[in-house]
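Architecture at a glance
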Amino acid sequence: YYLLWGNGKTGAIARLTSEMTALVPETMQELEGLTDFREAVEVFKKDDRYHFTWSCEDTGNENYHVNYGIAESVTGPVEFLYPILTKCPEKNILGTGHHSILHDDKTGEYWISYHRFATPLEKYPETAKGYNRETCVSPLTFDAKGLIQPVIL
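Let us look at the structure shown here. On a predicted model such as this, the values are computed, not experimentally measured, just so you know. (Residues numbered from 1 in each chain as written. Predicted model: local features only at pLDDT ≥ 70, side-chain atom pairs only at ≥ 80, totals over all residues. Heavy atoms only, no water.)

**Quick notes on the sheet that holds strand S8 (residues 97-103)**
Picture the strands of a sheet paired through backbone hydrogen bonds; they go either parallel or antiparallel. Quick reminder of the rule: At least two DSSP bridges between two strands are needed for those strands to be called paired. Each helix is a run of H or I in the DSSP string that is no shorter than four residues. Each strand is a run of E no shorter than two, and both are numbered from the N terminus. All axes here are fitted lines through C-alpha atoms, helices being fitted over the stretch that makes contact, and every angle between N-to-C directions spans 0 to 180 degrees.
Here 3 strands make up an open sheet; going across it, the order is S8-S9-S10 and the pairing antiparallel. Looking at which strands have only one partner, the edges of the open sheet turn out to be S8 and strand S10 (133-140). Sheet twist, expressed as the mean angle between neighbouring strand axes with direction ignored, is 25 degrees. Where S8 meets strand S9 (residues 110-117), 5 bridges bridge the pair, whose relative direction is antiparallel. Residue pairing in the sheet places His-103 in a bridge with Tyr-110 of S9.

Spelled out as structure tokens, the structure:
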């Protein structure tokens, strides 16, 4: 088991002890390849590939979004591919980030939960939009190559 963390410019990973109460110090390292990393790094393994997602920008920024990359190892390096969750201004969806991914073992489906600016946007003053949030859940889909497709909002 591993712990992933970070905030700012660097994401990190370390293996946990068998009791899961401490880090194994010699395994602690930066995760390479987390392009535009801000926070909320997550990883899961599917089809012998590690899928990494992480949040970019700041939660108060309407461009807050989730990037995606893959790796052959849980410790990287990560190959950045593209954003999978971004704003959709024409639907008043802004600031889509700080997420978590769920896999339903019974159905095989994957889901992403995230927060975004609360709606309707007009209800909040311009300076407070990023501080009033709502939690959303959307399905994750994969293409023929096994890569996560951008989330349709």
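**Thoughts on the side chain of Lys-129**
Where we set the bar: Under the scheme applied here, a residue whose accessible area is under 20% of the maximum for its type counts as buried, over 50% as exposed, and between as partly exposed, the area being computed with a 1.4 Å probe on protein chains only. Definition of a polar contact: a pair of N or O atoms within 3.5 Å, with one able to donate and the other able to accept a hydrogen when the atoms are protein atoms, and with sequence-neighbouring residues admitted only if both atoms are side-chain atoms. Any two residues whose heavy atoms approach within 4.5 Å at even a single point are treated as in contact.
Relative to the helices and strands, Lys-129 is located in the loop between S9 and S10. We classify Lys-129 as buried; its relative accessible area is 14%. One polar contact links Lys-129 to Glu-126, side chain to side chain, over a distance of 2.9 Å. What Lys-129 contacts, discounting residues up to four positions off in sequence, is Phe-117, Ala-118, Leu-121 and Tyr-124.

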